[in-house]
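# Summary of the model geometry
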Amino acid sequence: MKMLFNAFAKKLFGAKYNTLLRTFLVNFILFWGLHITEWHVQIAPSIFYLMGTTFSAGMLWQALSSKDNAAYMQNLFMLPFENKKLTLAYTAAFGAYILFTKTATLFAVVLAVSDLAPAVILGGILCAVNAVFMTAAIYAFRKYWYIGVFWGAAVIAGILLWGTALWFMLLILVNMIIAVMFLQNADGFSFYFAEEKNSHTVKHNRQYSVWRYFFRYFQCHKNYCINMVAMCCLACVLPLFFGQIQTAFAAPMGFAILSINTPIAILLSCDPSLEQAVRFLPAQKKRFCIPYCLFIFLVNSTVDAVFLCSMQFFCGGVTLWMIAAAISFALQSAIGTVLLEWFYPIRGWKSESDLWHHPRKYLVPTALLLLAATVGTLPKLVSLLIMALAAEVEIGLCWCLKEH
C-alpha cells in the first residue's frame, strides 16, 4: 500500500514533494499578510465546519473526475493489485493533496481573519478529512447517486443543526469510519475515468467546425456547464451585494467580477493535444483564435445580460451607457483571455483542480476591476472613450497576433 501511495503522491506533489513545500510557504505568507492587517470577521463554528466540508468535497470530486488521470491509471491497472489497497492508497494520496494544497489555503485565510478556538480548528480539520473519505466513497459508488445525495445532505444538515455540540464530532468520526469501510469494499476500477471512444474532435475543413468543437466540448464536460449555470446564478444575486452603491459604479464592477469564468479560459491549457493540433493548423490564429474570442464574448455577454436584468429588477436605473459598458467589458475579457491562452498557456499542472485555480485566471479580471474603478468615477462620455481606447489596444494586440 505504501508503494501505491508513493506512486500517486509523487505524481501529485512532484518527485521530491516540491509542491508541498511551495504551498506551505505560500500559505504561511498569505496567513501572515492577512493577520497583520488586523481585519477580523466573526465566523460561527458550524459555518467553519461547513466551509471545510463542502470545499474539500468539491475539490476532491473535481480531482477524481479529471481525465488527466485516465492514462496514468490505465498503466497502473495493467499490474496486479488488491482492491482494498488500491482504493485506500488512491484516496489517501488525493485526499492529502486536496487537504495540504487546497483546504490548507482556505483555512489559512479563515484563521488569519477570525479568532477560532483550538477545539473548533481541530473540528474543522476532522470535518475536512471526513469529507475526503466520504466523497471518495460516494464517487466509488456513484451509480447509486441518490444515496450519495441523501448522505451528503444529511451531513450538511447535521453540521448546521448540531455543529456546535461536542457529541457531533464523535458522529463525524463514526461517519468517517463508515466511509472507510465502504472504500475497502469498492472496486478499484470505479476510480478509472475512461475516455469516450467518440471523443470530440475539431474538423478544420470548414470554419464552423471550431464552433462545433466548442459546443461538443461543453456537452462532454457537464461540470463546465454547471459552472456556467453558477455564473448566471451569481449574476442574479450580485446586485444585492452592492447595496446602496450607485449603479453607474456597481455595473462595471459586476462586469469585471463576472469575467472570472475559468472553464472557457483554459481550453488550450487543459488539452495539450488540442493545442498541438491547433498550432499545426494552417492559418491557425485566424481559424481558431477569432472563433474562440467570439465564443468567450458570447458567453460573457450572456452572463452580463443576466446581471443587467437582475440589476434593473432590484435596483433599476439601467441605461444605454451600462449596456455599452457590458459589451466593452465582455469584448476586452474575451480578447485578454485568448491572448493569454495563446502566448502563455498553463503548463506543468498536476490535475484539473490546479488548472482551475491557477493564479493566472485572475489577471484579466484584475485588469478589468482597475478599469471598472476608473470608469465608474468619471463622466460617462470620458468613460466611453477610455473603454473604447482599451478595446482598440487589445484589438491592436490581436492584429499583431494575426500578423506574426
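## A look at the side chain of D304
Residue position: D304 is located in helix 13 (residues 284-314). Aside from chain neighbours lying at most four places away, what touches D304 is F255, L258, A326 and A330.

## With respect to the side chain of N130
Along the polypeptide, N130 turns up in helix 6 (residues 118-140). Since its relative accessible area comes to 1%, N130 is described here as buried. Ignoring anything within four residues of it in the chain, the contact list for N130 reads V155, I172, N175 and M176.

## Observations concerning the packing of aromatic side chains
Tallied over the full model, the rule gives 13 aromatic pairs. Consider the rings of W151 and F182, whose centres lie 5.8 Å apart with planes at 55°: the pair is tilted. Placement of W151 in helix 7 (residues 145-162) and of F182 in helix 8 (residues 166-184) is noted, with a sequence separation of 31 residues between them. W151 gets classed as buried once you look at its relative accessible area, which sits at 16%. Here the aromatic cluster, defined as three or more aromatic residues joined through ring pairs, consists of F48, Y49 and F107.

## Here we look at the nonpolar core
Ranked by size, the top nonpolar core spans 48 residues in total, and within it F48, Y49, L60, L64, F94, W151 and F191 carry the most contacts. Broken down by secondary-structure element, the contributors of at least two residues to this core are helix 1 (2-13), helix 3 (45-64), helix 5 (83-113), helix 6, helix 7 and helix 8. Counting residues per element, this core draws most heavily on helix 5, which supplies 13 residues. Contact partners of F48, with chain neighbours within four places excluded, come to I43, F107, V110, L116, V120, I121 and G124. Judged by nonpolar contacts, the second largest core, of 30 residues, contains L267, I335, L339 and W349.

## Digging into helix 7
The terminal C-alpha atoms of helix 7, which comprises 18 residues, lie 25 Å apart, in line with the 26 Å expected from a rise of 1.5 Å per residue. Taken together, the buried positions of helix 7 are occupied by G148, W151, G152, V155, G158 and I159. The buried residues of helix 7 occupy an angular sector of 125° when the element is viewed end-on, so they sit on one face. Among the exposed residues of helix 7, those oriented more than 90 degrees off its buried face are V149, F150 and L161.

## Concerning empty space enclosed by the protein
Applying the stated criterion to the full structure yields four cavities of 30 Å³ or more. Taken as a whole, the largest cavity spans an internal volume of roughly 170 Å³. Among the secondary structure elements, those contributing two or more residues to the lining of the largest cavity are helix 13, helix 14 (320-343) and helix 16 (363-375). Among the elements that make up the lining of the largest cavity, the one with the highest residue count is helix 14 (three residues). Per-class residue counts for the lining of the largest cavity are ten nonpolar, seven polar and two charged.

Parameters and conventions
Residues numbered from 1 in each chain as written. Predicted model: local features only at pLDDT ≥ 70, side-chain atom pairs only at ≥ 80, totals over all residues. Heavy atoms only, no water. Helix = DSSP H or I, 4+ residues; strand = E, 2+ residues; numbered from the N terminus. Contact = heavy atoms within 4.5 Å. Buried < 20%, exposed > 50% of the residue type's maximum accessible area, 1.4 Å probe, protein only. Phe/Tyr/Trp six-rings, centres within 6.5 Å; stacked < 30°, edge-to-face > 60°. Core = buried A, V, L, I, M, F, W, Y, C linked by side-chain atoms within 4.5 Å. Expected span 1.5 Å × (residues − 1). Arc of directions from axis to C-beta. 1 Å grid on protein atoms, 1.4 Å probe; cavity = no way out; pocket = protein on both sides within 12 Å on 5 of 7 lines; lining within 4 Å. Points joined across faces, edges and corners; volume = space filled by probe spheres on them. Nonpolar A, V, L, I, M, F, W, Y, C, P; charged D, E, K, R; others polar.

Function cannot be inferred from these measures alone, as they are strictly geometric.
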